[in-house]
Amino acid sequence: MAESCSKAVGNISSMNPPAAEVRNLYKSFGDLSVLKDVSFSLREGEVVSVIGPSGSGKSTLARCICRLEEINSGEIYLYGDRIDNGRHSNRDIAHLVGMIFQQFNLFPHLSVLENLVLSPIRILGLSRKDAEEKGVALLRRVGLEEKRNSRPRELSGGQCQRVAIARALSMNPKIMLFDEPTSALDPELVGEVLDVIADLADSGMTMMIITHEMMFAKEVSNRVLFMDEGKIVEEGTPVEIFSCPRLPRTQLFLQRMLVHFGRELTEADGKEGCDRVP
Amino acid sequence: MSLDFSAVSPYIPMLLAGAKMTIQASVLSVLLGSLLGTFIGALRVVPFAPLRYIAAGYIYIIRGTPLLIQLFLIYFGLPSLGLNLPAFAAGIIGLSINSSGYVGEIVRGGIEAVPKGQWEASKVLGLSYVKTMRFIILPQAIRNMLPAIGNEFVTLIKESSLLSTLAITELTMVGQQVRSVTYASFETFILVGIVYLIMTSSTSFLLQYVENKWKVA
Ligand SMILES: Nc1ncnc2c1ncn2[C@@H]1O[C@H](COP(=O)(O)OP(=O)(O)OP(=O)(O)O)[C@@H](O)[C@H]1O
Ligand SMILES: [Mg+2]
């Protein structure tokens with residue numbers, strides 16, 4: 001994963017529109033103002049991590065981009081195409097952006113492979129045979145080929161999330177959004193999912209990753225956004241954000257995360273220590 | 001007093017033929033009623049208020065009026081609009097419409113029990129509202145609803161006795177015919193009751209079996 005740190009995103013012609021661009025986005029739920037004038041863009045091939053305290057609006061931002069939420073004002077462009085005016089079908093959006101949820105949201109009544117072929121058959125119009133070939137290839141890519149006939153409830157959380165990633169890829173989206181993909185997982189299952197995401201990043205996929213895994217964000221992303229109270233308050237390279245954050249609230253947030261992270265580590269060590277002593 | 005079934009026993013084949021008619025009417029009505037009810041239940045949750053209100057009004061009227069009146073409206077009322085339906089057709093339509101009101105509410109509950117994340121995952125995979133409903137939501141909702149639909153079927157078997165008022169020769173009607181020739185009212189209706197009991201309990205048993213199998217699958 002070390003290479004991905006230094007992955008270059010230069011030499012992209014400035015003629016091309018960004019993969020995603022959000023301008024002056026406002027979003028509220030009733031009286032609760034959740035996003036307040038958010039603007040940012042995601043260049044093709046770029047991996048951007050979004051960090052920030054709970055309730056800062058990270059999920060809402062991702063959900064607006066894949067049109068799971070209506071916005072109050074502002075503009076959202078995907079590859080130069082404005083998508084917040086309700087003129088695009090779900091199919092149009094799915095060609096552009098895939099989304100990974102914290103809770104996986106696999107379809108429990110379908111087998112793993114059925115989860116993967118549904119959209120290619122119904123939306124892309126592939127034959128069942130082609131869709132299954134493609135589905136199996138995607139499962140192989142996430143290391144779960146042998147689970148093709150299992151039901152989601154027979155899988156571990158980590159396996160579920162890997163299937164969910166394969167399923168999202170089955171629509172060939174140009175951008176992938178990850179909303180805390182490992183937050184619902186037992187600690188020992190986090191690694192396998194992060195590996196899949198890192199592979200995807202290395203393959204050049206344009207991605208936005210909302211995460212509390214600071215080490216991962218640092219390694220995998222080209223740029224980090226720090227959100228607080230509905231705004232992007234600081235952004236920069238991983239080194240800038242993690243090693244020398246400018247704003248006191250970024251520093252405070254990172255300090256808290258590290259303290260938390262540190263404590264978890266110590267606890268894990270402690271437990272392991274106990275195990276070794278009969 | 002003493003019960004004497006000997007007068008009634010020659011008519012048992014007739015009663016069984018009536019039971020067959022009851023089963024036919026109930027099965028047909030539960031199928032049509034479930035189809036219509038699934039549609040009504042789906043309308044209850046569409047993101048378009050006028051359709052939701054229409055479906056809600058339909059359910060409100062169906063559940064708020066007696067089945068007998070619904071049957072009379074269709075069989076005796078519709079001819080004044082020039083629509084003469086044969087008794088059996090009128091009966092099936094009446095039972096189906098009645099059942100659809102109850103199934104509609106069951107379906108709505110089943111749909112609402114499917115987690116929101118299923119809708120969202122389906123949407124970001126590009127499926128339209130209708131495709132999401134058809135491939136993702138309803139298959140899960142129907143599984144959750146199976147016990148309630150089973151109860152509805154059992155209810156329908158019993159309520160189909162009202163078809164006797166349209167002179168359809170289902171079990172209750174046959175019972176009345178047998179009584180009128182044998183005068184053994186008590187014995188006849190005890191037998192009729194037992195046949196209903198057998199039909200309802202074996203239906204419940206069968207449904208329980210299907211449900212268990214479905215759960216494992
Ligand atoms: N559908 C909704 N209805 C009402 N309020 C909502 C809804 N979705 C989110 N919110 C509120 O919007 C705010 C931002 O939520 P959001 O989920 O975007 O935060 P987040 O940064 O992703 O937090 P977390 O790290 O806990 O996931 C929160 O206060 C949340 O309670
Ligand atoms: Mg969130």
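Residues numbered from 1 in each chain as written. Chains lettered and ligands numbered in written order. Predicted model: local features only at pLDDT ≥ 70, side-chain atom pairs only at ≥ 80, totals over all residues. Heavy atoms only, no water.

Caption draft 1: Just the overall build of chain B, in detail. When helices and strands are counted, chain B shows eight helices and zero strands. Its C-alpha atoms put chain B at 70 × 50 × 25 Å along the principal axes. In chain B, which comprises 217 residues, the proportion classed as buried is 44%. Taking as baseline every contact in chain B between residues at least 6 positions apart, the subset at least 24 positions apart corresponds to 74%. Taken as a whole, chain B presents about 11,000 Å² of accessible surface, with 71% of it coming from carbon and sulfur. Chain B carries 14 positive and 9 negative side-chain charges, and their two centres are separated by 14 Å. (Helix = DSSP H or I, 4+ residues; strand = E, 2+ residues; numbered from the N terminus. Buried < 20%, exposed > 50% of the residue type's maximum accessible area, 1.4 Å probe, protein only. Contact = heavy atoms within 4.5 Å. Areas by Shrake-Rupley, 256 points an atom, 1.4 Å probe, with all protein chains shown as cover. Lys, Arg positive; Asp, Glu negative; His and termini not counted. Charge placed at Lys NZ, Arg CZ, Asp CG, Glu CD.)

Caption draft 2: Region of interest: a nonpolar patch on the surface. Residues and elements named next belong to chain B. A contiguous nonpolar patch, built from Leu 28, Leu 32, Leu 35 and Phe 88 and spanning about 360 Å² of accessible area, is present on the exposed surface. Here the nonpolar patch gets three residues from one element, more than from any other, and that element is helix H1 (residues 12-43). With respect to the helices and strands, the residue Leu 35 is situated in helix H1. (Patch = residues over 30% accessible without salt bridge, like charges linked within 9 Å, V, L, I, M, F, W, Y side chains within 5 Å. Salt bridge = Lys/Arg side-chain N within 4 Å of Asp/Glu carboxyl O.)

Caption draft 3: The pairing of strand E6 (residues 97-100) of chain A, seen in detail. All names here are of chain A. On E6, burial covers both faces: Val 97 and Met 99 on one face and Gly 98 and Ile 100 on the other are all buried. Of the strand pairs in this sheet, E6 and strand E7 (residues 175-179) are connected by four bridges, and their pairing is parallel. Within E7, the position partnered with Ile 100 by the bridge is Phe 178. (Pairing = 2+ DSSP bridges.)

Caption draft 4: Representation of the sheet that holds strand E8 (residues 206-210) of chain A in the model. Residue and element names in this part refer to chain A. Taken in spatial order, the six strands of this open sheet run E6-E7-E8-E3-E9-E10, and their pairing is mixed. Each edge of the sheet is formed by a strand with only one pairing partner; in this case those strands are E6 and strand E10 (231-236). Each neighbouring strand pair of the sheet contributes to a mean axis angle of 20°, computed without reference to strand direction. Bridging between E7 and E8 involves five bridges; their strand directions are parallel. Bridge pairing in E8 places Leu 177 opposite Met 208. Here helix H7 (residues 187-202) sits on the sheet in contact with strand E3 (47-51), E7 and E8, set at roughly 150° to E8. (Axes fitted to C-alpha atoms, helices over the stretch in contact; angles between N-to-C directions.)

Caption draft 5: A look at the pattern of salt bridges. A complete count under the given rule lists 20 salt bridges over all chains for this structure. The shortest N-O distance in the salt bridge between Glu 75 of chain A and Arg 23 of chain A comes to 3.4 Å. Of this pair, Glu 75 of chain A sits in strand E4 (residues 73-78) while Arg 23 of chain A sits in strand E1 (residues 20-29), and the two are 52 residues apart along the sequence. The residue Glu 145 of chain A makes a salt bridge to Arg 140 of chain A at a minimum N-O spacing of 3.2 Å. Among the residues examined, Glu 145 of chain A registers a relative accessible area of 31% and is labelled partly exposed. What emerges from the salt-bridge pattern is a single network uniting Lys 27, Arg 63 and Glu 69 of chain A together with Lys 116 and Glu 120 of chain B.

Caption draft 6: Spotlight on the site of ligand 1. Residue and element names in this part refer to chain A. As a matter of local geometry, ligand 1 sits amid 13 residues, with Ser 54, Gly 55, Lys 58, Ser 59 and Thr 60 nearest to it. Measuring from an oxygen atom of ligand 1, one finds a backbone N or O atom of Ser 56 at 3.2 Å. A distance of 2.8 Å is found between an oxygen atom of ligand 1 and a side-chain nitrogen or oxygen belonging to Lys 58. Contact with the protein chains covers 61% of the free accessible surface of ligand 1, which is 640 Å². At the level of elements, strand E2 (32-42) and helix H2 (58-65) are the ones that each hand at least two residues to the shell around ligand 1. Tallying contributions element by element places H2 first for the shell around ligand 1, with three residues. (Near = heavy atom within 4 Å. Polar contact = N/O pair within 3.5 Å; in protein donor to acceptor, adjacent residues only side chain to side chain.)

Caption draft 7: Fine view of the environment of Ile 83 of chain A. Residues and elements named next belong to chain A. Inspection of the secondary structure puts Ile 83 in the loop between strand E5 (81-82) and helix H3 (90-96). Taking the C-alpha atoms as reference points, Ile 83 and Gly 55, 28 residues apart in sequence, are found 25 Å from one another. Leave out the neighbours within four places in its chain, and Ile 83 touches Cys 64, Ile 65, Arg 67, Ile 76, Leu 78, His 88 and Ile 93.

Caption draft 8: Representation of the sheet that holds E1 of chain A within the structure. Residues and elements named next belong to chain A. Spatially, the four strands line up as an open sheet ordered E2-E1-E4-E5, and their pairing is antiparallel. In this open sheet, the two edge strands, each paired with only one partner strand, are E2 and E5. Pairing of E1 with E4, which is carried by five bridges, proceeds in the antiparallel orientation. Directly across from Arg 23, in E4, lies its bridge partner Glu 75. Of the strands in this sheet, E1, E2 and E4 are in contact with H2, which crosses E2 at around 60°.

Caption draft 9: Quick peek at the side chain of Thr 172 of chain B. Inspection of the secondary structure puts Thr 172 of chain B in helix H7 (residues 171-182). In this view, Thr 172 of chain B contacts Ser 161, Ser 164 and Tyr 196 of chain B; residues no more than four positions away in its chain are not counted.

Caption draft 10: Here's a closer look at helix H6 (residues 129-159) of chain B. Spanning 31 residues, H6 of chain B covers only 36 Å between terminal C-alpha atoms, well under the ideal 45 Å at 1.5 Å per step. The sharpest bend along H6 of chain B measures roughly 55° and falls at Met 145 of chain B, with the proline Pro 147 of chain B sitting one to four residues further on. (Expected span 1.5 Å × (residues − 1). Bend = angle between axes of the 7 residues up to and from the residue.)

Caption draft 11: A look at the interface of chain B and chain A. Listed by partner, the interface residues are 23 residues for chain B and 23 residues for chain A. Of the roughly 1,900 Å² buried between chain B and chain A, counting both surfaces, carbon and sulfur atoms make up 59%. Considering only the surface of chain B that becomes buried against chain A, Lys 123, Val 124 and Leu 125 of chain B emerge as the three largest contributors, covering 33% of it. The residue Glu 120 of chain B makes a salt bridge to Arg 63 of chain A at a minimum N-O spacing of 2.7 Å. Run the count over chain B and chain A and you get nine residue pairs in polar contact (both at pLDDT 80 or more). Elements with a contribution of two residues or more to the side of chain B that touches chain A: helix H5 (116-124), H6 and helix H8 (185-216) of chain B. Tallied by class, residues from the side of chain B that touches chain A come to ten nonpolar, six polar and seven charged. (Buried area = accessible area lost by both parts, 1.4 Å probe. Nonpolar A, V, L, I, M, F, W, Y, C, P; charged D, E, K, R; others polar.)

Caption draft 12: Examining the pairing of E8 of chain A more closely. Residue and element names in this part refer to chain A. With five of five residues buried, E8 is to be regarded as a mostly interior element. The two faces of E8 match: Thr 206, Met 208 and Ile 210 on one face and Met 207 and Ile 209 on the other face are all buried. As paired strands, E3 and E8 are joined by four bridges and run parallel to one another. Bridging from a neighbouring strand, Ser 49 pairs with Ile 209 of E8. This β-α-β element, E7 to H7 to E8, shows right-handed connectivity. (Right-handed = clockwise from strand over helix to strand, strands pointing away.)

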